[in-house]
Amino acid sequence: MVLHGAIEMSPQRDSIINTQETFIPRARASKGRAARKQRYIQKDGHCNIAFQQTSGNWGHYMVDIYTTLVEIRWRIMFLVFFLAYIMSWLIFGLLYWLIAHVHGDLGQPNEAPCVANVHSFTGAFLFSMETQATIGYGFRGMTENCMVAIVVVTVQDVLSCFIDTAIIGVVIAKMACARKRAHTVSFSKCAIINLQNGALCLQWRVGDLRGNHLLEGEAKGQLVHHRLLPTGEVILSHQDLKLQCKSITLATPASVVHKIDCDSPLYSLSPQALAEEDFELVVSFTYTDDSVGMLRQTRASYTPEEIRWGQHFQDMLRLGRKRFHADYSLFHQTTWVQVPMMSAEERDRHRGLPDNGESVVPVMRRKIQTYQRENSDTLVLEEAWL
């Protein structure tokens, strides 16, 4: 059995390329075909989902107020805390004004006032602010003449401690948010398909931009298909990809490899079919940060036009005199390599392999010849099986 499959490769393709500028052309959508569907997961890992809430569901956010404050935007959080302080000053200022009014301290000085030098609502508000902020100018002060005023001051002091604690806790939690750390754990801008140990494999690269290493890391990959029904309903289906090595020590950038075999959902996928497919490859990396010991996750996604067939990631690791050097300027760069332009299923069928991947020919020898055509700069890869 002899098979001749020629893959033309231009010498210009051997140079380093920028994956942001190269692309696989997709077939033009036919008339009546829906436009490209929205991404399920954005490139930065955020879910492209907008929740529509009915009236009366705000109570769920108020029950877990701490998480709500951590997740809201900074400007909204500052507005909430600004209002919390102002409202507390106003409420306790009003209480001090009522106490002074009942005790007869307003208008004219009293020989035994509840609060010294509080003769109006403005003075009561200033005393409330000075008490909660522990300013202590020494002009207004509490006396021993009114037990009610002493109780109100005590309650305000305790409440101010709770407000300060909440502000400090939420600010620290927002600054140490896992999504911020996730920006320093990056995925390559594209995924690639090439040959690894004689088999077609899908790969993407993950790397940590920080110097501190991660304690544990587990990579995952999943194919997400979203289909729009005529009724407007969207159906999502998920298929997990079997990875060769899930646990990764991310001291240096690593490539996550999925072997495209008979058990892979990409087994029948060819370069031509890739241009017509409409799925999304959702990848994630779950790890424990050694700085704070928190479990975090970084996500990204690849559409079919972001999967490069016949490319190879540039080597980033170099050996120095005392240590290894990782060049992150090559993190997203790839080069062209010779890869059969056919699906793994078709390739196994031509090689005489059944669906289980075992050879049906007792003895098979594979020969790869590379030669240069006369008067031509085209490099040809020819495969033959005897």
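Structure first, text after, so check above.
As the structure is a computational prediction, the values presented were derived from the model and not from experiment.

Trainee: With reference to specific residues and values, describe the environment of Q222.
Mentor: By the element assignment, Q222 lies in strand β8 (residues 214-228). Taking relative accessible area as the criterion, Q222 reaches 25% and is therefore assigned partly exposed. Sequence-distant contacts of Q222, defined by excluding residues within four places in its chain, comprise H238, Q239, D240, L241, E280, L281 and V282. At 2.7 Å, the side chain of Q222 and the side chain of D240 are in polar contact.

Trainee: Report on the state of the cysteines, specifying residues and quantitative values.
Mentor: Throughout the structure, instances matching the rule amount to 1 disulfide. Two residues share a disulfide in this structure: C114 and C146, whose sulfurs sit 1.6 Å from each other. Here C114 and C146 share a disulfide; its torsion about the S-S bond, -50°, makes the bridge left-handed. Residue C114 is located in the loop between α3 (74-103) and β3 (115-116), and its partner C146 is located in the loop between β4 (141-142) and α5 (147-175); the two are separated by 32 residues in the primary sequence. Since its relative accessible area comes to 1%, C114 is described here as buried. Given a relative accessible area of 8%, C146 falls into the buried group.

Trainee: Break down α3 for me, with residues and values.
Mentor: End to end, α3 covers 43 Å across 30 residues, agreeing with the expected 44 Å (1.5 Å per residue, within 8%). For α3, the complete set of buried residues consists of M77, F81, S88, W89, F92, G93, Y96, I99 and A100. For α3, the secondary structure elements touched by its buried residues are α2 (65-71), α4 (121-132) and α5.

Trainee: Please set out the packing of aromatic side chains residue by residue, giving values where relevant.
Mentor: The final tally for this structure, using the stated rule, is 5 aromatic pairs. Ring geometry for Y96 and F127: centres 5.0 Å apart, planes at 75°, overall edge-to-face. Remark: F127 occurs in helix α4 and Y96 occurs in helix α3; sequence separation between them is 31 residues. Exposure class is identical for Y96 and F127. Each is buried. Here Y328 and F331 contribute two aromatic rings whose centre-to-centre distance is 5.8 Å and whose plane-to-plane angle is 25°, an arrangement assigned as stacked.

Trainee: Please set out the packing of α3 against α5 residue by residue, giving values where relevant.
Mentor: For any two helices packed against each other, the geometry is given by the interaxial angle and the distance between the axes. Close contact between α3 and α5 brings their axes to 11 Å; oriented N to C, the two are set at 175°. Compared by their axis directions, α3 and α5 come out roughly antiparallel. Grouping the amino acids of the contact of α3 with α5 by side-chain chemistry returns 20 nonpolar, 2 polar and 2 charged.

Trainee: An account of the pairing of strand β6 (residues 191-196) is needed here, citing residue identities and associated values.
Mentor: Looking at chain direction, β6 and strand β13 (residues 307-309) are connected through 3 bridges and run parallel. Bridged to I192 within β13 is R308. Here β6 pairs with strand β7 (residues 199-208) via 5 bridges, running antiparallel. When the bridges of β7 are listed, N194 appears paired with C201. Following β6, the chain reverses through 2 residues before pairing antiparallel with β7; N197 in that reversal takes a positive phi of roughly 55°.

Trainee: Let's hear about the packing of α4 against α5: which residues, and what values?
Mentor: For the pair α4 and α5, interaxial distance at closest approach is 9 Å and the crossing angle is 55°. Overall, the two elements α4 and α5 adopt an arrangement that is oblique. Two packed elements cross with a definite hand, and for α4 against α5 that hand is right-handed. In this structure, α4 uses F127, S128, T131 and Q132 to contact α5, whose residues at the interface are V153, Q156, D157, S160 and I163.

Trainee: Summarise unusual backbone geometry; cite the residues concerned and give the values.
Mentor: Phi is positive for N117, close to 65°, though the residue is something other than glycine. Located in the positive-phi region is T134, a residue other than glycine, with phi close to 50°. With respect to the helices and strands, the residue T134 is situated in the loop between α4 and β4.

Trainee: Describe in detail the nonpolar core, supporting the description with residues and values.
Mentor: In this structure, L202, W204 and F285 are the most contacted members of the largest nonpolar core, which totals 33 residues. Where this core is concerned, the elements lending two or more residues are β5 (185-187), β6, β7, β8, β10 (254-259), β11 (279-289), β12 (295-302) and β13. Once you skip the residues sitting within four places of it in the chain, L202 turns out to touch A191, I192, I193, L241, V256, V257, H258, I260, L266, L281 and I307. By size, the runner-up hydrophobic cluster in this structure holds 12 residues, among which are Y96, V115, A124 and C146.

Thresholds applied
Residues numbered from 1 in each chain as written. Predicted model: local features only at pLDDT ≥ 70, side-chain atom pairs only at ≥ 80, totals over all residues. Heavy atoms only, no water. Helix = DSSP H or I, 4+ residues; strand = E, 2+ residues; numbered from the N terminus. Buried < 20%, exposed > 50% of the residue type's maximum accessible area, 1.4 Å probe, protein only. Contact = heavy atoms within 4.5 Å. Polar contact = N/O pair within 3.5 Å; in protein donor to acceptor, adjacent residues only side chain to side chain. Disulfide = S-S within 2.5 Å. Expected span 1.5 Å × (residues − 1). Phe/Tyr/Trp six-rings, centres within 6.5 Å; stacked < 30°, edge-to-face > 60°. Axes fitted to C-alpha atoms, helices over the stretch in contact; angles between N-to-C directions. Parallel < 35°, antiparallel > 145°, perpendicular 65-115°, else oblique. Nonpolar A, V, L, I, M, F, W, Y, C, P; charged D, E, K, R; others polar. Pairing = 2+ DSSP bridges. Left-handed = near helix turned anticlockwise from the far one by under 90°. Core = buried A, V, L, I, M, F, W, Y, C linked by side-chain atoms within 4.5 Å.

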